[in-house]
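Structural overview for review
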Amino acid sequence: MRLDAFHVVAAAVALLGAAVTIFDLLPINKFAFFAGYVVLQYVVLATAWNIMGGYMGYVNFGTAGFFAVGAYTSVVLYNLMQAPLIVMIPVAGAVCALLGLGMGYLTLRLRGVFFAIATLALAIVLETLVVNWDYVGGATGAYILRAREIAPFGDYVEFLFFVMLLLAIFAVSAARWIERSKIGRGFAAIRDDEVAAECAGVPTLRLKLIATTVSGFLMGVAGAPFVLYVGFVEPSSAFNLVYAVNSIAMPMIGGATTWAGPLIGALLLGSVQQVATVTISSELNLLIVGVLLVFFVIAAPEGIVGLVRKWRGGGR
Amino acid sequence: MTRERLLDARAVTKRFGGFVALDEVSLDVEQGERFGMIGPNGSGKTTMINCISGTLANDGGGIVFKGAMLDGKKPHERTRLGIARSFQIPKPFRSMTVLENLAIPLEYASGAGPREVEERGMAILETIGLADRAGENSGKLTQIDMRKLELARAMATEPELLISDEAMAGLSSTEVDDILDILFRMNERGITIIMIEHIMRAVMRFSERIVVLDAGRKIAEGRPDEIVNDPEVERAYLGE
Ligand SMILES: Nc1ncnc2c1ncn2[C@@H]1O[C@H](COP(=O)(O)OP(=O)(O)OP(=O)(O)O)[C@@H](O)[C@H]1O
Ligand SMILES: [Mg+2]
């Protein structure tokens, strides 16, 4: 892997994150970290969704299912052995990677809207299972006691913010690497024409399974710290359809064919939602998403990235 | 001169529901041969190509390529074995430039590294006369250029057998000659070619041997001069 400006920026962002969370370099109030965590979580989810939905053209409505399985994996690990976050994250990722692989095997023979419906159904089935599983609290939910403070960050939320920042950097870097690799070019061929891709030598089923696995992994990773963030998790919050809707809307608004799209979309829409939640009401969120989505689908189907390319005149 | 058998399709049958699109069609193509396939609209030519390239699974019979059974093999495996095809209705990778279209088969079928892609891709575009379109979006090409891109993408898989499904439809007569020229040259390099074409002048000039399909059955097979004088072929084309 060649190092370039992207990696310099990514490293700078990580350092800045460390500076503000560990050394409290800037006077940032606690709410900013609290809200920032959610925005960064959406960067991971939108980036994960985009690997299948944007690069390959397979629309996954089951983001909430993966996110929740990631979160509940942490609950199980906590109940079993009080596992620390550093263990929860990779295990949740692995569980969701397997889930993605399984979903791929079951559903990838379906195309278009049938695939989308199957992913939604999967999320519903998973929610039903969790609701009926007493070990993780069933319908009433589960508490996790977390420390109020953690060295060297101080406030625990600042620590979680930093962790999610690193996960977001990891997810975006992975997506960017995939996009520029042979695999990414194969994904694009599948999106454009699956039969032509096969006849050009692309092993479409294998690539689709890679996509569902990687995408599932990243979604699970995003869900792993959730229980520590909220302290209490119940099926209706972890399986919330908002995750599915946002992780589709953000790449669409940002631009779905490139890694920058979900990043921009999540930062923008995620921030607007956080501000709206505080200043007006949380019900407004979905309305904002809806209006923006309609606007972009009609006026700028290639998202913000597409608009920028057009302005620069570099659009192909 | 005896040549080795490259493709051997035995009694291939394909049904769509109750409709029999291919009824025990057999054909064998020799290494290095220029082979023509003709027949009226809807006679099953494209369906036969789909069965050979693996985009459709045949319901009966079997297909052997270079001595190996193809049944059960995925299209991309057949491509890597050396079977390439063009699509009658062009299927460009629309989000990509013309050159990027070739990068897919170059990387996935002929094992080119990212650095060789441009050079080899441009060489193919040069041959097919699309070099000046290399950087253009493939979705915005004219129908004619899309057909050329179909051939170029098939060539980029480095095939041993190239199946061209009406690559010349809609081309002017000089363009038809250009494409014929390209196919002749590929054939001289040892590539076996199956040409499906409605332009009789082109198939007759190009092919060493021709099969004729009608309503899913093979009704004739032979040298071009035998085919033009075959009463059954005449009946199929002109009706009773
Ligand atoms: N996927 C499919 N489902 C149902 N019927 C099909 C399918 N593909 C082809 N057919 C039918 O099979 C018959 C043969 O079609 P095919 O495309 O092979 O003909 P063709 O010889 O290539 O014709 P043309 O010269 O018009 O290209 C036609 O009647 C067509 O309608
Ligand atoms: Mg046809």
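All values reported here derive from a predicted model rather than from experimental measurement.

Considering the site of ligand 1
Residues and elements named next belong to chain B. Taken together, 14 residues form the shell around ligand 1, and within it N41, K45, T46, T47 and Q88 come nearest. One nitrogen or oxygen atom from the side chain of N41 is found 2.8 Å from an oxygen atom belonging to ligand 1. A distance of 3.4 Å is found between an oxygen atom of ligand 1 and a side-chain nitrogen or oxygen belonging to E166. For ligand 1, whose accessible area on its own is 630 Å², the fraction buried by protein is 62%. Sorting the residues of the shell around ligand 1 by element identifies strand 2 (19–30) and helix 1 (45–53) as the ones contributing at least two each. In terms of residue count, helix 1 provides more of the shell around ligand 1 than any other element does, 3 residues in total. Among the residues making up the shell around ligand 1, the classes are represented as 4 nonpolar, 8 polar and 2 charged.

So, the interface of chain A and chain B
Counting from both sides, the interface comprises 21 residues of chain A and, opposite them, 25 residues of chain B. Across the chain A/chain B interface, buried area totals approximately 1,900 Å², and carbon plus sulfur atoms make up 59% of it. At the boundary of chain A and chain B, one finds 2 salt bridges. Note that A:D193 is salt-bridged to B:K91, the shortest N-O span being 3.6 Å. There are 9 residue pairs in polar contact (both at pLDDT 80 or more) connecting chain A and chain B. For the side of chain A that touches chain B, the secondary structure elements donating two or more residues are helix 7 (182–192), helix 8 (194–199) and helix 9 (204–223) of chain A.

Basis of the calculations
Residues numbered from 1 in each chain as written. Chains lettered and ligands numbered in written order. Predicted model: local features only at pLDDT ≥ 70, side-chain atom pairs only at ≥ 80, totals over all residues. Heavy atoms only, no water. Near = heavy atom within 4 Å. Polar contact = N/O pair within 3.5 Å; in protein donor to acceptor, adjacent residues only side chain to side chain. Areas by Shrake-Rupley, 256 points an atom, 1.4 Å probe, with all protein chains shown as cover. Helix = DSSP H or I, 4+ residues; strand = E, 2+ residues; numbered from the N terminus. Nonpolar A, V, L, I, M, F, W, Y, C, P; charged D, E, K, R; others polar. Contact = heavy atoms within 4.5 Å. Buried area = accessible area lost by both parts, 1.4 Å probe. Salt bridge = Lys/Arg side-chain N within 4 Å of Asp/Glu carboxyl O.

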